[in-house]
Amino acid sequence: MSLRIKLREATHQLHQDTEQLLFPDQSWQELSLDNYGQFLQTQFVFHSSIERAITSAISPSLKEQLQWPQRQKSGWIEADLEEINVHLPQHLPLPAELTSEVAALGMLYVTEGSMLGGRMIHKTLQQNEHIAPYSAFRFLEGYGEQTGAFWKGFLHVLAQEVKEEEESTAIAAA
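Everything numeric in this text was worked out from a predicted model, so none of it was measured. (Residues numbered from 1 in each chain as written. Predicted model: local features only at pLDDT ≥ 70, side-chain atom pairs only at ≥ 80, totals over all residues. Heavy atoms only, no water.)

Engineer: Please set out empty space enclosed by the protein residue by residue, giving values where relevant.
Structural biologist: Here the structure, examined in full by the defined rule, presents one cavity of 30 Å³ or more. In this structure, the largest cavity is lined by His-47, Ile-50, Glu-51, Trp-68, Arg-71, Gln-72, Lys-73, Leu-108 and Thr-111. When contributions to the lining of the largest cavity are tallied by element, the ones reaching two or more residues are helix 2 (33-57), helix 4 (68-71) and helix 6 (101-125). Considering each element in turn, the lining of the largest cavity owes the most residues, three residues, to helix 2. Each residue belonging to the lining of the largest cavity can be placed in one class, and the counts come to three nonpolar, three polar and three charged. (1 Å grid on protein atoms, 1.4 Å probe; cavity = no way out; pocket = protein on both sides within 12 Å on 5 of 7 lines; lining within 4 Å. Points joined across faces, edges and corners; volume = space filled by probe spheres on them. Helix = DSSP H or I, 4+ residues; strand = E, 2+ residues; numbered from the N terminus. Nonpolar A, V, L, I, M, F, W, Y, C, P; charged D, E, K, R; others polar.)

In structure tokens, the structure reads:
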């Protein structure tokens, strides 16, 4: 079984649980602008913590392979929050702790995979009467038409860099 499949299986229930925690009684089509702001604030906390940790944990060579500057999402979220006039969270957690580049790649599996789902959410929100008038979708647009290519590029690096005996580290970090 490939590492990609192992990661997907290991994170599936956590993904489901997270979706239920966000808006248990609402669909994306019914979301208010305030709820969308809360969603973006949560995403900012999550991504900025992970990005700070990954930036410190990976080598310049791996940063180049991953096209790391282009994969950082917190700036996109900050711009979306500014457009809908929602402030950044006042207190950010410490960066996530990473023990290796393999752990960083495990975390990146989650953040990069979220870009695929974000594109679907973006399409739904464009039809939401409360949110559609705004263009605050930079985060959910992800890499735009390049989202699939960025995902495949990440999976290639993941397969190259994580040895079979290191897979459990990547899975635990994810």
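Engineer: Just give me the short version of the layout of surface pockets, but keep the residues and values in it.
Structural biologist: There is about 1,200 Å³ of room inside the largest pocket. His-15, Glu-19, Val-110, Gly-113 and Ser-114 are, among the 35 residues lining the largest pocket, the residues nearest its centre. Residue assignment for the lining of the largest pocket shows that the elements contributing at least two residues are helix 1 (3-22), helix 2, helix 6 and helix 7 (138-141).

Engineer: Let's hear about the packing of aromatic side chains: which residues, and what values?
Structural biologist: A full pass over the atoms with the stated rule returns eight aromatic pairs. Centre to centre, the rings of Trp-76 and Tyr-143 are 5.5 Å apart; their planes meet at 80°, and the pair counts as edge-to-face. Separated by 67 residues along the polypeptide, Trp-76 in helix 5 (residues 74-83) and Tyr-143 in the loop between helix 7 and helix 8 (147-161) bring together distant segments of the chain. Residues Trp-76 and Tyr-143 agree in their burial class; the two are buried. Each ring, one from Tyr-109 and one from Trp-151, has its centre 5.7 Å from the other, and the planes form 50°; the classification is tilted. Of this pair, Tyr-109 sits in helix 6 while Trp-151 sits in helix 8, placing them 42 residues apart in sequence. The two residues Tyr-109 and Trp-151 agree in class, both being buried. (Phe/Tyr/Trp six-rings, centres within 6.5 Å; stacked < 30°, edge-to-face > 60°. Buried < 20%, exposed > 50% of the residue type's maximum accessible area, 1.4 Å probe, protein only.)

Engineer: Before we move on, can you summarise helix 8 with the specific residues and values?
Structural biologist: Quick reminder: α-helices carry 3.6 residues per turn. Residues three or four places apart thus point the same way. End to end, helix 8 covers 21 Å across 15 residues, agreeing with the expected 21 Å (1.5 Å per residue, within 8%). Every buried residue of helix 8 is listed here: Thr-147, Phe-150, Trp-151, Phe-154, Leu-155, Val-157 and Leu-158. One face of helix 8 carries all of its buried residues, which in axial projection span an arc of 160°. Looking at helix 8, the residues exposed on the side facing more than 90 degrees away from the buried face are Lys-152, Ala-159 and Gln-160. Where helix 8 is buried, its residues contact helix 1, helix 3 (60-66), helix 4, helix 6 and helix 7. (Expected span 1.5 Å × (residues − 1). Arc of directions from axis to C-beta. Contact = heavy atoms within 4.5 Å.)

Engineer: How would you summarise the environment of Ser-100 if you had to cite specific residues and measurements?
Structural biologist: By secondary structure assignment, the location of Ser-100 is in the loop between helix 5 and helix 6. As a C-alpha pair, Ser-100 and Leu-116 span 16 residues in sequence and 25 Å in three-dimensional space.

Engineer: Would you mind going over helix 1 in detail, with residue names and values included?
Structural biologist: Relative to the 28 Å expected for 20 residues at 1.5 Å per residue, helix 1 spans 28 Å between its end C-alpha atoms, a close match to the ideal helical length. Within helix 1, the full set of buried residues consists of Leu-3, Leu-7 and Thr-11.

Engineer: Quick one: what's the story with the environment of Ala-172, residue by residue and with numbers?
Structural biologist: When you line up the elements, Ala-172 lands in helix 9 (residues 167-173). In the structure, Ala-172 is positioned 165 residues away from Leu-7 in sequence and 9.1 Å away in space, judged by C-alpha atoms.

Engineer: Give a detailed account of the nonpolar core, specifying residues and quantitative values.
Structural biologist: Grouped together as the largest cluster of nonpolar side chains are 24 residues, with contacts concentrated most on Ile-54, Leu-66, Leu-105, Phe-154 and Leu-158. Taken together, the elements giving at least two residues each to this core come down to helix 1, helix 2, helix 3, helix 6 and helix 8. Per-element accounting of this core gives the leading share, seven residues, to helix 6. When near neighbours in sequence (up to four residues on either side) are disregarded, Leu-105 contacts Leu-62, Leu-66, Phe-154, Val-157, Leu-158, Glu-161 and Val-162. Leu-31, Trp-76, Met-115 and Phe-137 belong to the second largest nonpolar core, which has 21 residues in total. (Core = buried A, V, L, I, M, F, W, Y, C linked by side-chain atoms within 4.5 Å.)

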